[in-house]
Amino acid sequence: MESSRAVSRRARRSHRPLLSLALASVVVIGATAAGTVYVKAQAHSGGGAVSSAATPSASPPPATTTQEAAVAEPVVDFDERLASAMKSVSVTGRAKVSVAVLDVDSGDSAVYGESVFDTASIVKVDILAALLLRHQEAGTSLSPGEKAYATSMIENSDNASASALWDAIGKAAGLDAANKTFGLTGTDGGDGALWGLTQTTAADQLTLLQQVFGDDSALSRASRSYLQGLMGQIEADQRWGVSAAADGSGFALKNGWLPRSTTGLWDVNSIGRVTVEGHAYLVAVLSNGNSTQAEGISLVEAAAKAAVSVFTDADADAGASAAAVSR
């Protein structure tokens, strides 16, 4: 019996073009005086011609062929699923939230919201990625001082360390150059020393996470492993955010939080990788306009759970369907 996850994967892939599907072409050969039409069917994938006859009043046979069944498979719109899941997330006052998620196994992803947000401290992942890329291109390694800054910046979210490495990469110009290589299209480095006011989108943060955790990356295996290791050792009091969607300790993340002096409201963000039942998901949640940091954390965690449910609930649905078919 096919596993529920396999069924789920097949359903997810159904939204891609069925390029290999063999569709039959029908050519009319002739007709008799009685109205019987003779046709020749030739499958595009090869095979001999088949003659058949049918009266105009005859009902078409039921769709039972493999080809017809493939055409009938449901199309899965993961963005729509995520939008539906986000309806259960309470967004109060002036708060706004955007989230993006990727199922590492299937490569399917979903995005909710297109707004631009301040990065706050999640940009520290981008800063270190940019620094590692610069060293790769120069054929050099991080200095002992840079390693100390990197550890403090990611694990403890130390701002002085971030400022030092921000200068090392050439500030916004260096970040933007690296992000062009990484494939980020909606992220702009903050002015001057204001790295925390870098502007970004949830979709771009998902792209960055793929550079950090994926194999198809501008970063070397060693660079990715180094960054992943730091994100997996975040200080205990900062292990909130996307980690709420994990089913245990299987997560690596970086959070950001910033009270805006102009409004008194909070930016609260979280990006990272979580593991649920042995399967990995990349999740990025951005929010602003939160009345308190605590409210922002609650919003981000609820959004992360909703995002991962897009795929975990789909697996459960597929499992139930497979069980019903096997009975």
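These numbers come from a predicted model, not from an experiment.

The rules behind these values
Residues numbered from 1 in each chain as written. Predicted model: local features only at pLDDT ≥ 70, side-chain atom pairs only at ≥ 80, totals over all residues. Heavy atoms only, no water. Axes fitted to C-alpha atoms, helices over the stretch in contact; angles between N-to-C directions. Helix = DSSP H or I, 4+ residues; strand = E, 2+ residues; numbered from the N terminus. Parallel < 35°, antiparallel > 145°, perpendicular 65-115°, else oblique. Left-handed = near helix turned anticlockwise from the far one by under 90°. Contact = heavy atoms within 4.5 Å. Nonpolar A, V, L, I, M, F, W, Y, C, P; charged D, E, K, R; others polar. Pairing = 2+ DSSP bridges. Polar contact = N/O pair within 3.5 Å; in protein donor to acceptor, adjacent residues only side chain to side chain.

Peer 1: Please give an account of the packing of helix α4 (residues 123–138) against helix α5 (residues 144–155) that cites residues and values.
Peer 2: Contact geometry of α4 with α5 gives a least axis separation of 10 Å together with a crossing angle of 155°. Of the possible angle classes, the one that applies to α4 and α5 is roughly antiparallel. For the pair α4 and α5, the crossing hand works out as left-handed. Of the residues in α5, those touching α4 at Lys-124, Val-125, Ile-127, Leu-128, Leu-131 and His-135 are Glu-146, Ala-150, Met-153 and Ile-154. When its residues are assigned to classes, the contact of α4 with α5 shows seven nonpolar, one polar and two charged.

Peer 1: Give a detailed account of the sheet that holds strand β8 (residues 251–259), specifying residues and quantitative values.
Peer 2: Taking strand neighbours across the sheet as the criterion, the five strands line up as β5-β4-β10-β9-β8 in an open arrangement whose pairing is antiparallel. Each edge of the sheet is formed by a strand with only one pairing partner; in this case those strands are β5 (109–112) and β8. Direction aside, the axes of adjacent strands within the sheet are offset by 5° on average. Bridge analysis of β8 against strand β9 (residues 266–276) gives nine bridges, and the strand direction is antiparallel. By the bridge assignment, Pro-259 is partnered in β9 with Trp-266. Along the sheet, helix α3 (residues 78–85) makes contact with β4 (96–103) and β5, crossing β5 at roughly 50°.

Peer 1: Outline the side chain of Ser-287, listing residues and values.
Peer 2: Summarising the element assignment, Ser-287 is placed in strand β10 (residues 279–288). Reaching out from Ser-287, the side chain makes a polar contact with the backbone oxygen of Val-268 at a distance of 2.6 Å. Contacts of Ser-287, omitting those with residues within four sequence positions, involve Lys-96, Val-97, Phe-117, Trp-266, Asp-267, Val-268, Asn-269, Gly-296, Leu-299 and Val-300.

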